[in-house]
Amino acid sequence: MALEASVPAGPLHGKHSATTLTIVDEDAVTASREEIHVSTTAAGGDNAAPAPRGEAGDGYPGQIDGGLTAWMQVFAAFLVFFGVFASMNSFGLYAKRYRDVDFPDASLASISLAGSLSPMFMALAGPFAGRMAETVGYRWTLFTHAVVSTLALVLASFATEIWMIALTQGALYGAACSLGINTAPGLVAQWWAKRRSLAIGVAVAGSGVGGLVCVNIIQALLPAIGSPWTLRVIAAGNFAFLAAAAAMARPRLPRFSKMAPAGGSDGDEATKKKRRPLIDISHFKNIRFNLLFAGQALIGFGFLTPIYLMPTYIAEVTPHSPAFAALLLTLFNVASIFGRITMGWLADRIGNVTALALSFVLSGVSILTTWLFAGSNQPLLIVFMCIFGYASGAFFSITPSCIAQLFGVATLPSVAGLLNTSSVIGYLFGTPVATALIMNRVGADPASWAFPSQHYAGAVAFAGFVMFAGGVIVFWLRYAVMDRRFFIKL
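Here the residue numbering is sequential within each chain, running from 1 through the sequence in written order. The predicted nature of this model means local features are confined to residues of pLDDT at least 70 and side-chain atom pairs, given and counted, to a pLDDT of 80 or more, with totals for whole chains, interfaces and linings taken over all residues. Calculated side-chain values reflect all of the structure's heavy atoms, with hydrogen atoms and water omitted.

> How do you make sense of helix H17 (residues 424-441) when you look at a structure like this?
Residues three or four positions apart in an α-helix share a direction because the helix packs 3.6 residues into each turn. What counts as a helix is a DSSP run of H or I of at least four residues, what counts as a strand is a run of E of at least two, and both are numbered from the N terminus. Under the convention used throughout, the expected extent of a helix is 1.5 Å for every residue step, that is, one less than its residue count. Taking 1.5 Å as the rise per residue, H17 with 18 residues should run 26 Å; its terminal C-alpha atoms sit 27 Å apart, in good agreement. At Gly-430, H17 shows its maximal kink, close to 30°; a proline, Pro-432, follows between one and four residues later. Burial classes: relative accessible area under 20% of the type maximum marks a residue as buried, over 50% as exposed, and values in between as partly exposed (1.4 Å probe, protein chains only). Turning to H17, its buried residues are Val-424, Gly-426, Tyr-427, Leu-428, Gly-430, Thr-431, Pro-432, Ala-434, Thr-435 and Ile-438. Any two residues whose heavy atoms approach within 4.5 Å are treated as being in contact. Buried residues along H17 sit in contact with helix H3 (108-124), helix H10 (287-302), helix H11 (304-317), helix H15 (394-407), helix H16 (412-420) and helix H18 (457-482). Throughout, bend refers to the angle between the axes fitted to the seven residues that end at a position and the seven residues that start at it.

> How should the side chain of Ser-112 be read in this particular structure?
You can see Ser-112 is positioned in helix H3. Taking the relative accessible area as the measure of exposure, Ser-112 reaches 7% and is therefore buried. Any pair of N or O atoms that falls within 3.5 Å is considered a polar contact. Within protein, one atom must be able to donate a hydrogen and the other to accept it, and sequence-neighbouring residues count only if both atoms are side-chain atoms. A polar contact is formed between the side chain of Ser-112 and the side chain of Thr-435, at a distance of 3.4 Å. The contact partners of Ser-112, leaving out residues within four places of it in the chain, are Leu-309, Thr-431 and Thr-435.

> In this structure, what is going on with the environment of Ala-461? I would like to understand it.
Residue position: Ala-461 is located in helix H18. Placed 90 residues apart in sequence, Ala-461 and Trp-371 show a C-alpha to C-alpha distance of 9.0 Å. Once residues lying within four places of it in the same chain are set aside, the contact partners of Ala-461 are Leu-368 and Leu-372.

> It is not clear to me how the pattern of salt bridges should be interpreted in this structure. Could you clarify?
Whenever Lys or Arg places a side-chain nitrogen within 4 Å of a carboxyl oxygen from Asp or Glu, that contact is recorded as a salt bridge. Taken as a whole and assessed by the stated rule, the structure comprises two salt bridges. Here Asp-100 makes a salt bridge to Lys-96, at a shortest N to O gap of 2.8 Å. A residue pair is termed a helical-turn pair when its members lie 3 or 4 positions apart in one helix, as Asp-100 and Lys-96 do in helix H2 (residues 91-102) at four residues. Given a relative accessible area of 47%, Asp-100 falls into the partly exposed group. The exposure class of Lys-96 is partly exposed, given its relative accessible area of 26%.

> What should I look at first to understand the environment of Ala-335 in this one?
In this fold, Ala-335 is placed in helix H12 (residues 322-350). Residues Ala-335 and Gly-208, 127 residues apart in the sequence, show an inter-C-alpha distance of 7.8 Å. Every residue in contact with Ala-335, bar those within four places of it in the chain, is listed here: Met-385, Cys-386, Gly-389 and Tyr-390.

Functional significance is not addressed by these values, which are geometric in nature.
Next up, the structure:
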């Protein structure tokens with residue numbers, strides 16, 4: 001039930017009545033507060049307008065834009081993204097191991113599909129994960145994420161068929177990760193206003209650090225102890241990081257389930273009619289939400305292609321060793337760390353929507369102008385992975401700030417979860433479509449290859465064009481729908 005709760009910022013004029021909301025069980029809120037007064041206006045009344053929830057002056061306790069607790073939330077979210085993407089960004093290494101050793105009879109398309117299920121279910125479960133954070137609480141949601149994601153990796157270690165990998169390391173792990181990535185940014189956003197994009201960027205940089213660390217660990221562990229024990233080792237580290245993040249979670253805003261009007265109970269018929277739906281589809285009536293939804297949907301079709309297919313590209317198109325593929329994934333993660341932080345800093349200065357559109361377009365352009373023409377050229381492949389990692393790193397750091405700017409902080413987890421469902425079709429079919437384009441050209445006459453990327457050219461071009469198109473849509477949102485003035489911060 002969405003109620004605007006705040007302490008009035010100034011004197012009230014005219015007749016009014018005060019309604020008291022009693023907050024109980026404050027385990028999820030750090031500041032000590034027993035009552036929050038909500039001002040309601042009677043006929044002819046006039047209240048001083050409070051700041052929106054999650055912004056400076058909103059009436060909730062806690063220091064905004066700095067302080068120990070605010071930075072602790074950044075670190076907690078950092079650990080969440082570290083754990084989520086440590087395994088997800090390394091699936092290309094698992095995929096090669098599965099194809100060569102564990103499941104040699106499985107097709108490349110089926111292995112790619114298994115990997116695509118993880119981000120797909122992470123997106124599909126978004127609306128439910130967001131509502132869980134807002135109603136059950138951030139801490140319990142993050143702890144559930146820690147338990148279920150660890151369980152998924154452990155179960156995957158016992159898989160004997162590729163479809164088992166798809167269900168565990170794919171679907172179950174992705175759904176569990178949705179609890180983390182839709183919750184953590186909202187936690188940070190509550191404690192930061194002026195430097196929100198930078199703070200979220202620092203937190204989301206954990207995904208790059210996690211990938212950077214784990215790519216090298218997994219690369220070393222897979223040939224030494226095999227994929228089953230590699231998954232178990234990563235699962236143990238996953239639980240340690242995510243459980244620590246859950247323990248540090250301290251939201252500023254009370255969860256929606258704790259807000260009940262005085263004089264009535266949650267069971268009242270009037271209260272039931274006001275309860276928020278499980279999935280609030282009213283956002284689809286908003287042109288801004290629809291354009292953001294469409295842009296992110298196209299990004300989903302191309303984002304995973306370089307990450308998942310680069311190891312096989314190196315093996316099939318170039319004479320380079322698997323170690324070079326691991327190096328490229330390492331460079332991708334390093335670049336994404338800088339991209340998440342510096343693009344967050346830039347977004348605080350030029351505007352969140354503008355920065356998001358730039359990152360989408362730059363990602364598509366980098367694919368079309370470097371990878372498509374790279375062939376086996378090592379320097380060009382390195383340049384591509386650095387540019388793509390830097391630009392795409394901003395997706396996860398700027399999008400939450402865009403949502404907070406356009407739709408508010410209090411419902412950020414549920415709106416982000418609904419928005420992330422846009423990527424479901426792209427995550428599910430993007431990599432398999434790219435793989436089908438590759439397989440269609442396998443065995444073709446080399447004289448028919450139009451680009452140095454050989455039989456991968458169709459897949460590379462497809463990924464680049466859809467990501468560029470996603471950026472064009474977000475630019476349309478910024479300059480055609482929101483404000484046509486070029487130098488306005490939006």
